[in-house]
Amino acid sequence: CALPISVISGAVNLNDYDTVIWISGNESTADRTFDATEQAKVASFIAAGGNLFLSGSEIGWDLDQQNNGRTFFESSLKGNYVADDAGTYNVTAAAGGIFTGLSFSFDNGSKFYDAEFPDVIAPQAGAAQALAYSGGTGGSAGIQVPGTDGRGSVVMFGFPFETITTAASRAAVMDRVLDFFGVAPIVPTGDFDADGYDVFVRDRNQRVCHTGSKATAGATGGGVLLLFSSHKLITIAFLCEVLDLET
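Quantities reported herein were computed from a predicted structural model and do not represent experimental measurements.

Cut-off values and rules
- Residues numbered from 1 in each chain as written.
- Predicted model: local features only at pLDDT ≥ 70, side-chain atom pairs only at ≥ 80, totals over all residues.
- Heavy atoms only, no water.
- pLDDT = per-residue confidence, 0-100.
- Contact = heavy atoms within 4.5 Å.
- Phe/Tyr/Trp six-rings, centres within 6.5 Å; stacked < 30°, edge-to-face > 60°.
- Buried < 20%, exposed > 50% of the residue type's maximum accessible area, 1.4 Å probe, protein only.
- Helix = DSSP H or I, 4+ residues; strand = E, 2+ residues; numbered from the N terminus.
- Expected span 1.5 Å × (residues − 1).
- Arc of directions from axis to C-beta.
- Polar contact = N/O pair within 3.5 Å; in protein donor to acceptor, adjacent residues only side chain to side chain.
- Core = buried A, V, L, I, M, F, W, Y, C linked by side-chain atoms within 4.5 Å.

**So, the confidence of the model for the protein**
- With 72% of its residues at a pLDDT of at least 70, the protein reaches an overall mean of 79.
- Taken as a whole, residues 186-221 scores under 50 in pLDDT and shows 76 contacts with residues more than four places along the chain or in a different chain.
- Below pLDDT 50 for its whole length, residues 230-247 participates in 40 contacts with residues either more than four positions away or in separate chains.

See below:
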């Protein structure tokens, strides 16, 4: 697990990983959802074949509507901002999307924090609707972008993933995302966090998520990097819990 500032400083190299999970919470324009350095590094990561799962309630508002990264949002993330507030906390799967059969709610403030003003976003060409808001204004709550021509795949939510209200739904959503990315179930071959610094977590399907690089992970591959915003001060333990992972 790491903070986005580690990407900006160069302490974390996204290209050392196959998949990045970027948790933005409700960061908005004042907090800079993605600054210019982050945008450039994430765009390069995707272009080089890296997979990105990102979520947050103000990413579209900040990058597209406020034009703090419109090219990045529309070209690299393949999204289009539609509206600032879906007016609902309920989500259902879009027909033909990767979350078929799922429906769930995200938090109104009764469990974690109020995910107010969830963005309504739409897919650009080459992307597809993955989730739809149920009630409120309707519209797309999430999009999916299959990797083609050397690009990695992208899944983006207009609400914060970590505010999905039940562990079962969080686990089901994360499983679908990792399946879409082709993150194969693997078993660790050693104690890679012996130095007490790296954090390794494993889900029920034996996928390995860690802060080690491809070189560190050796034959197991690049692993999954978890990046979370300090804005909500989400601790590593809580992040592992909302991802329904075991330390």
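**Quick word on the packing of aromatic side chains**
- Enumeration over the complete set of coordinates arrives at 12 aromatic pairs.
- Judged by centre distance (6.0 Å) and plane angle (40°), the ring pair of F180 and F181 falls under tilted.
- A residue is classified by how much of its surface remains accessible, and F180, at 22% relative accessible area, is partly exposed.
- Ring pairs connect the aromatic residues F53, Y89, F99, F104, F106, Y133, F157, F159 and F161, which therefore count as one cluster.

**Focus on helix 2 (residues 36-47)**
- Taking 1.5 Å per residue as the helical rise, helix 2 with its 12 residues ought to reach 16 Å, and the 16 Å between its terminal C-alpha atoms agrees with that figure.
- Turning to helix 2, its buried residues are E38, Q39, V42, F45 and I46. All buried residues of helix 2 lie within an arc of 130° about the axis, which places them on one face of the element. Counted as exposed and oriented over 90 degrees from the buried face of helix 2: A36 and A47.
- The backbone nitrogen of T37 has a side-chain oxygen 3.1 Å away, supplied by the residue at the start of helix 2, namely D35.
- One or two positions beyond helix 2, positive phi appears at G49, with a value near 105°.

**Some details on the nonpolar core**
- Counting 27 residues, the largest nonpolar core has F53, F99, F157, F159 and V173 as its most contacted members.
- Elements represented by at least two residues in this core include exactly strand 1 (19-23), strand 7 (128-133), strand 9 (154-157) and helix 5 (167-181).
- For this core, the leading source of residues is helix 5, giving 5 residues.
- Within the second largest apolar cluster, 23 residues are counted, among which are V7, V12, I59 and M156.

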